[in-house]
Structures are given as structure tokens and as C-alpha cells.
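# Understanding the architecture of this molecule
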Amino acid sequence: MESLLVIGKFTAKVSSVLNRDTRQFGKKHMFDENNETCWNSDQGSPQYVLIEFTQPVRVCEISIHFQGGFVGKECILQGGEIDELIRFFPEDSSTLQNFHVASTIPYKVYKIIFENSTDFYGRITIYSLKLLGQYV
């Protein structure tokens, strides 16, 4: 398995950014390998991260590092427009968490939906997001 989030091979969209401050809390910080930076959503549920690849990929694992207190409690990984691949339930902690994806179908678009958050206001904070798998 390899990290699929290689610069130039995907684009990302997010549901919101805290105070619209993309410089400090923008989506790019989930992928920069810097533990000092993060994506921070604004308040409200649900929140999401949408990843679109330049070619179909098969995702086998999600690796995600939340900020404790701002964790997605109930999460869904979708492939394509509506195919639900996995529901997962991260712990409320500031540690790297990994979730296995059993699907064998490749998609160009993946969407991680955070249906609700451990934060009262529905905010999500992610320091690192990796999708592991293989190009098809």
C-alpha cells in the first residue's frame, strides 16, 4: 500500500474553514506532513472532506490524526457519488487512528463525511489525513 495523496495527483474540497481563514486553517494543512498545522472546520454538522484523484484508486485504509475534543464521532467514507464504503467511529483523542476499508472497487472521488463531532459546536480539526491503497 502506498499513500495516495501525492501532490499533483488529487484535489481536495472541504465543507468549511474556521472563520474562512484558509491561510491558517485551510485544507492544505491536512496533507503538508507538519504536525503544527491543521484544517479546522467552522461550526455546524455535518462536515466533510472530498478528495478527487486524477485517475481511479482503490483505498484500503484511512489514516487520520484529529485534535482531541474536535473529533468526528460518526464518520462515513463514500466512493463515487453515493456508495457507502465504511462507517467508522474514531476515539476522542489526539492520536493517529487507522481504519481498514474492505472495498475492492476503485473510484476517482472519495468523500469523508463527519456526521457529528465531539465538539459541542460541530467543529472538526485534522492535523493529518492519508488515504492508503493503490492506483488502478
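Placed above this text is the structure.
Notes on the structure follow. (Residues numbered from 1 in each chain as written. Predicted model: local features only at pLDDT ≥ 70, side-chain atom pairs only at ≥ 80, totals over all residues. Heavy atoms only, no water.)

## Brief notes about the overall build of the protein
A tally of regular secondary structure across the protein gives one helix and nine strands. For 136 residues, the compact-globule estimate of 2.2 N^0.38 gives 14 Å, and the C-alpha radius of gyration of the protein, at 14 Å, lies within 12% of that figure. Looking at the protein residue by residue over its 136 residues, the buried ones come to 48%. Partitioning the contacts of the protein with sequence separation of at least 6, the portion at a separation of at least 24 is 76%. On the protein, roughly 7200 Å² of surface is accessible, and the fraction owed to carbon and sulfur atoms is 49%. (Helix = DSSP H or I, 4+ residues; strand = E, 2+ residues; numbered from the N terminus. Rg over C-alpha atoms; globule rule 2.2 N^0.38 Å. Buried < 20%, exposed > 50% of the residue type's maximum accessible area, 1.4 Å probe, protein only. Contact = heavy atoms within 4.5 Å. Areas by Shrake-Rupley, 256 points an atom, 1.4 Å probe, with all protein chains shown as cover.)

## A word on the pattern of salt bridges
Across all of its chains, the model carries four salt bridges by this definition. A salt bridge links Glu33 to Lys130, with the nearest nitrogen and oxygen atoms 3.7 Å apart. Residue Glu33 is located in the loop between helix H1 (22-25) and strand E3 (39-40), and its partner Lys130 is located in strand E9 (residues 125-135); the two are separated by 97 residues in the primary sequence. On the accessibility criterion, Glu33 (61% relative accessible area) is exposed. Note that Arg123 and Asp119 form a salt bridge whose closest N and O atoms lie 2.8 Å from each other. Each member of the salt-bridge network shares a partner with another, and the members are Glu84, Arg87 and Glu115. (Salt bridge = Lys/Arg side-chain N within 4 Å of Asp/Glu carboxyl O.)

## A look at the side chain of Thr37
Inspection of the secondary structure puts Thr37 in the loop between H1 and E3. Among the polar contacts made by the side chain of Thr37, one reaches the side chain of Asp32 at a distance of 2.6 Å. There is a polar contact of 3.2 Å between the side chain of Thr37 and the backbone oxygen of Asn34. Every residue in contact with Thr37, bar those within four places of it in the chain, is listed here: His29, Asp32 and Tyr127. (Polar contact = N/O pair within 3.5 Å; in protein donor to acceptor, adjacent residues only side chain to side chain.)

## Regarding the packing of aromatic side chains
Taken as a whole and assessed by the stated rule, the structure comprises seven aromatic pairs. Consider the rings of Phe53 and Tyr110, whose centres lie 6.2 Å apart with planes at 85°: the pair is edge-to-face. In this pair, Phe53 sits in strand E4 (residues 47-66) while Tyr110 sits in strand E8 (residues 107-117), placing the two residues 57 residues apart along the sequence. For Phe53, a relative accessible area of 2% translates into the label buried. On the basis of relative accessible area, Tyr110 is assigned to the buried category, the value being 1%. (Phe/Tyr/Trp six-rings, centres within 6.5 Å; stacked < 30°, edge-to-face > 60°.)

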